[in-house]
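Coordinates in review
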Amino acid sequence: MKARYQYRFYPTDQQRQSLAQLFGCVRVVWNDALALSKANKFPGYNSLAKSLTLSKKTEERRWLSDVSSVPLQQSLKQLEVAYKNYFDSLKGKRKGKKVGQPRFKKKTNSQSATFMKAAFSIKDGEVYLAKIGNLKPILSRELPSEPSSVTVIKDCANRYFLSFVVEVEPCSKDASYMSVGIDLGIKTFAVMSNGEKQTSPNYSKPERKIRKLQRKLARQQKDSKRRNRTRIQIALANNQISDTRKDFLHKLSTKVVSENKAIILEDLNVSGLIKNRNLAREISLQGWREFRTLIEAKTEKFGRDFRVISRWEPTSQKCSDCGFKWGKIDLSVRSILCLSCGIEHDRDENASKNIEMVGMGHRHDLKCTSRDGKTTPVARPNEA
Ligand SMILES: [Zn+2]
């Protein structure tokens, strides 16, 4: 199984310059190849690699020979993958979110360059990259095996990272519980069928900062130095949110996957929902998507069972104890008293129990629902 190990590093001024040159070359190679592919049709990696060799001989692109040729070829390989994903997505062969056409790379986006085995080496905690030199990453944890590639990344906030691809063994720790169903929400990020709840981290401070900076950005002159500074400040605040979120999601997903044999989530139409531009909503939707990806990856790593149930399953419409169906209830109703069995349920906890039951194949379907049975929702105006 492949995994990524990422480390931060601080380049010297000289390295910063060589990296800027390399990123520029990688970007030009990608953009040239993309322009060529858009003009006709995608010609395939081999043909693009040939045109790259030819273009290095021309006056306008001679400087491409000043950097290692490996990341340039990798750029073309990545373009090939991007096109394959796009074509597969068009044909409906790809699961999940629709993949669009590859896009041109901009100087202001995050930059990256990938080195394969022959073009890098690791010795005494230092990473040597061809034509760049020795970099000193902060090795927060050890690499579990020999990496097959390394990608140098510079993000929008000018932070530098080395990201290694390594082979890892799936580990087999015993789970304490058979299964858990998880209901994902906005304020309370996850409610589990065992009664546990996880609140989302509070992002309101960086959120407020971003909104303020975005208003500032809108007033500033295009291509001005001040505007560029604001852009970096926005990127930093966004990083702060995504770092906090990633940390939270990693801890939660590791806990859930190590404790349970089977993990069941509800299939949310996340790509459809994300069109809403509200920042707080966007953050939590992004969180759900990342959470599911992490759970999926970790269930493979721990040898667990990952299940998703249909989003049309009426998990909030029936009692998880007796199976009595009370039908649709408004989102503002947080707590329901089942008149059939007399148990008062927390809305989300009841849903997570139903998610677990449906996922594990236990159903209440045999128990009948009668129209005469009265169910009175106990409305609580404020979300718990
Ligand atoms: Zn009941």
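For the structure given in this document, a descriptive report is provided here. It should be emphasised that the depicted structure is a prediction, and the values quoted were computed from it without experimental measurement. (Residues numbered from 1 in each chain as written. Predicted model: local features only at pLDDT ≥ 70, side-chain atom pairs only at ≥ 80, totals over all residues. Heavy atoms only, no water.)

For the rest of this paragraph, the subject is a positive patch on the surface. Taken together, the side chains of Lys212, Arg215, Lys216, Arg219, Lys225, Arg226 and Arg229 present a region of like positive charge at the surface. For the positive patch, the elements supplying multiple residues, two or more each, are α4 (204-219) and α5 (225-259). Looking at which element gives the most residues to the positive patch, the answer is α4, with four residues. Its place among the elements puts arginine 229 in helix α5. The class for arginine 229 is exposed, based on a relative accessible area of 54%. (Patch = residues over 30% accessible without salt bridge, like charges linked within 9 Å, V, L, I, M, F, W, Y side chains within 5 Å. Areas by Shrake-Rupley, 256 points an atom, 1.4 Å probe, with all protein chains shown as cover. Salt bridge = Lys/Arg side-chain N within 4 Å of Asp/Glu carboxyl O. Lys, Arg positive; Asp, Glu negative; His and termini not counted. Charge placed at Lys NZ, Arg CZ, Asp CG, Glu CD. Helix = DSSP H or I, 4+ residues; strand = E, 2+ residues; numbered from the N terminus. Buried < 20%, exposed > 50% of the residue type's maximum accessible area, 1.4 Å probe, protein only.)

At 2.3 to 2.4 Å from the zinc ion lie its protein donor atoms, namely Cys319 (SG), Cys322 (SG), Cys338 (SG) and Cys341 (SG). The site at the zinc ion holds four donor atoms, and with the angles between them running 105 to 113°, its shape is tetrahedral. All donors to the zinc ion come from one chain, and their sequence spacing reads C-x2-C-x15-C-x2-C. Taken together, the residues span a long stretch of sequence, with cysteine 319 in the loop between β12 (305-309) and β13 (335-337) and cysteine 341 in the loop between β13 and β14 (344-346) at a distance of 22 residues. (Donors = N, O, S within 2.8 Å, 3.2 Å for Na, K, Ca; no water. Tetrahedral: all angles 85-135°; square planar, octahedral: opposite > 155°, others 65-115°.)

Before going further, it helps to spend a moment on the sheet that holds strand β8 (residues 177-184). One open sheet accounts for five strands, arranged β10-β9-β8-β11-β12; its pairing is mixed. Each of the sheet's edge strands pairs with one partner strand only, and the pair in question is β10 (197-199) and β12. Ignoring which end each strand starts from, the neighbouring axes of this sheet average 20° apart. In this sheet, β12 lies alongside strand β11 (residues 260-266) in parallel orientation, the contact comprising five bridges. Directly across from glutamate 266, in β12, lies its bridge partner isoleucine 309. The sheet strands contacting α5 are β8, β9 (188-192), β10 and β11, and the helix crosses β11 at an angle near 125°. (Pairing = 2+ DSSP bridges. Axes fitted to C-alpha atoms, helices over the stretch in contact; angles between N-to-C directions. Contact = heavy atoms within 4.5 Å.)

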